[in-house]
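Structural overview
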Amino acid sequence: KSYTMLGTPDSANTLGIIPCAISWLFKGINEQKLKTGARFSVRISAVEISGPTNQMRDLLSGYSN
């Protein structure tokens, strides 16, 4: 399941939903910074909810600082 969310870094064609969304977000932020000089702070989280008990799993836990 995580493969479709995260994908693989082999090429742009195998990126998952999360990296594509983050890339889109930062592209928009860059455009606004250039137009207005605004500053941004970004926090991102992604969880998977599955099963009959709605078990949650942090999809980005392996990437945290």
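Preceding this section is the structure that the text describes.
Presented here is a report on the structure given in the accompanying data block. Quick caveat: nothing in here was measured; it's all calculated off a predicted structure. (Residues numbered from 1 in each chain as written. Predicted model: local features only at pLDDT ≥ 70, side-chain atom pairs only at ≥ 80, totals over all residues. Heavy atoms only, no water.)

Topic: the pairing of strand 1 (residues 47-50)
The side chains of a regular strand alternate, residue by residue, between the two faces of the sheet. With four bridges connecting them, strand 1 and strand 2 (residues 55-58) associate as antiparallel partners. Each bridged residue has a counterpart across the sheet, and for Val47 the counterpart in strand 2 is Asp58. Two successive antiparallel strands, strand 1 and strand 2, enclose a turn made up of four residues, where Gly51 displays a positive phi of approximately 80 degrees. (Pairing = 2+ DSSP bridges. Helix = DSSP H or I, 4+ residues; strand = E, 2+ residues; numbered from the N terminus.)

Considering a nonpolar patch on the surface
Nonpolar side chains collect at one region of the surface, where Trp24, Leu25, Phe26, Phe40, Val42 and Ile44 lie side by side and expose about 580 Å² of accessible area between them. Take Ile44: it is sitting in the loop between helix 2 (17-36) and strand 1. (Patch = residues over 30% accessible without salt bridge, like charges linked within 9 Å, V, L, I, M, F, W, Y side chains within 5 Å. Areas by Shrake-Rupley, 256 points an atom, 1.4 Å probe, with all protein chains shown as cover. Salt bridge = Lys/Arg side-chain N within 4 Å of Asp/Glu carboxyl O.)

Topic: the environment of Leu25
When you line up the elements, Leu25 lands in helix 2. For Leu25, a relative accessible area of 30% translates into the label partly exposed. For the pair Leu25 and Val42, spaced 17 residues apart in the sequence, the C-alpha separation amounts to 9.4 Å. Those residues in contact with Leu25 that sit more than four places away from it in its chain are Val42 and Ile44. (Buried < 20%, exposed > 50% of the residue type's maximum accessible area, 1.4 Å probe, protein only. Contact = heavy atoms within 4.5 Å.)

Describing the pattern of salt bridges
In total, this model carries one salt bridge according to the counting rule given. The partner of Arg57 in a salt bridge is Glu48, with the nearest N and O atoms 3.2 Å apart. Judged by its relative accessible area of 40%, Arg57 is partly exposed.

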